[in-house]
Amino acid sequence: IRQLADAAEVPIVVIAREPPTRAGLCPIVAVGPITVRAFITEPAPAVAKAAPKPRKGSKAAATVPVAQPPVAFGPWAPPPVEWILAASEALGDAALAMATSPVAADRACELFARLQSCPDHEKLHQRLMEACELASREPRKKKAGVPLPPELDEFGEGSLSSEE
């Protein structure tokens, strides 16, 4: 759903909701290269507000719309927008908590993968930017058994000659 909306340039927030836990919490999930899961409270059922009663003898009595109950999808009604935004925030916070590498370049990779699952979380974007800035200042170290690509020197900079 997210990919179709992005391709059509339609703003959308996508959250998968799982059945409630025994503790009464609602598991929510963001799926991408990394699956992010958070547990929040169930959404409160939407309550239709009654229209104000017109004064007796008023012509407005015929024009006052009657509040309709929310459309139900299965056994539950759509959650309020506030709940959806809070769920999106909780997913992003859970994604941030998952990125724990002490090495800035590795943390940037972790954050980028999680950003693909939770693209609407502002702090996730900010922490990725910070990790990238830190990684750009750290010298790149060789990992045991993993050689650097031949076109990069030990600092991650190109060592190609000007003829190539």
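Just above, that's the structure.
To keep things clear, this report deals only with the structure shown in the data block. Remember, predicted model here, so these are calculated numbers, not experimental data.

Bringing the nonpolar core into the picture now. Within soluble globular proteins, side chains that are nonpolar tend to cluster in buried spots. If you look at the biggest cluster of nonpolar residues, it comprises 21 residues, and the most contacted ones within it are Ile28, Val36, Ile40, Leu91, Leu111, Cys118 and Leu124. Broken down by secondary-structure element, the contributors of at least two residues to this core are strand E2 (25-30), strand E3 (36-41), helix H2 (81-98), helix H3 (104-117) and helix H4 (122-137). At 7 residues, H2 tops the list of elements feeding residues into this core. For Leu91, the residues in contact, after removing those within four places along its chain, are Ile15, Ile28, Val29, Ala30, Val36, Arg37, Ala38 and Cys118.

So, on to the side chain of Arg114. Turning to its location among the elements, Arg114 is positioned in helix H3. It turns out Arg114 is buried and unbridged, and the closest side chain with the opposite charge, Glu110, is 5.3 Å from it. There is a polar contact of 2.9 Å between the side chain of Arg114 and the backbone oxygen of Glu110. Discounting residues that sit within four places of it in the chain, Arg114 has contacts with Ile34, Ala95, Met98, Ala99 and Leu124.

Between the first and last C-alpha of H2 there are 26 Å, a value that for 18 residues agrees with the 26 Å anticipated at 1.5 Å per step. Restricting attention to buried positions, one finds in H2 the residues Trp83, Ala87, Ser88, Ala90, Leu91, Gly92, Ala94, Ala95 and Leu96. Residues of H2 that are buried sit in contact with strand E1 (16-17), E2, E3, H3 and H4.

Along the chain, Ser88 turns up in helix H2. Relative accessible area serves as the criterion here: at 15%, Ser88 is assigned to the buried category. Apart from the residues lying within four places of it in its own chain, the contact partners of Ser88 are Val13, Ile15, Asp120 and His121.

To continue, consider unusual backbone geometry. One non-glycine residue with positive phi stands out, namely Glu9, at about 55°. By the element assignment, Glu9 lies in the loop between helix H1 (2-7) and E1.

Another point: the pattern of salt bridges. Tallied over the full model, the rule gives 5 salt bridges. Arg2 is paired through a salt bridge with Asp120; the nearest N and O atoms lie 3.0 Å apart. Of this pair, Arg2 sits in helix H1 while Asp120 sits in the loop between H3 and H4, placing them 118 residues apart in sequence. Assessed through its relative accessible area of 38%, Asp120 is described here as partly exposed. We note a salt bridge from Glu42 to Arg17, for which the minimum N-O separation is 2.4 Å. With a gap of 25 residues between them, Glu42 in the loop between E3 and H2 and Arg17 in strand E1 connect regions that are remote in the sequence. Given the relative accessible area of 29%, Arg17 is considered partly exposed. If you follow the salt bridges from partner to partner, you end up with Arg2, Asp6 and Asp120 in one network.

Procedures and definitions
Residues numbered from 1 in each chain as written. Predicted model: local features only at pLDDT ≥ 70, side-chain atom pairs only at ≥ 80, totals over all residues. Heavy atoms only, no water. Core = buried A, V, L, I, M, F, W, Y, C linked by side-chain atoms within 4.5 Å. Buried < 20%, exposed > 50% of the residue type's maximum accessible area, 1.4 Å probe, protein only. Helix = DSSP H or I, 4+ residues; strand = E, 2+ residues; numbered from the N terminus. Contact = heavy atoms within 4.5 Å. Lys, Arg positive; Asp, Glu negative; His and termini not counted. Salt bridge = Lys/Arg side-chain N within 4 Å of Asp/Glu carboxyl O. Polar contact = N/O pair within 3.5 Å; in protein donor to acceptor, adjacent residues only side chain to side chain. Expected span 1.5 Å × (residues − 1).

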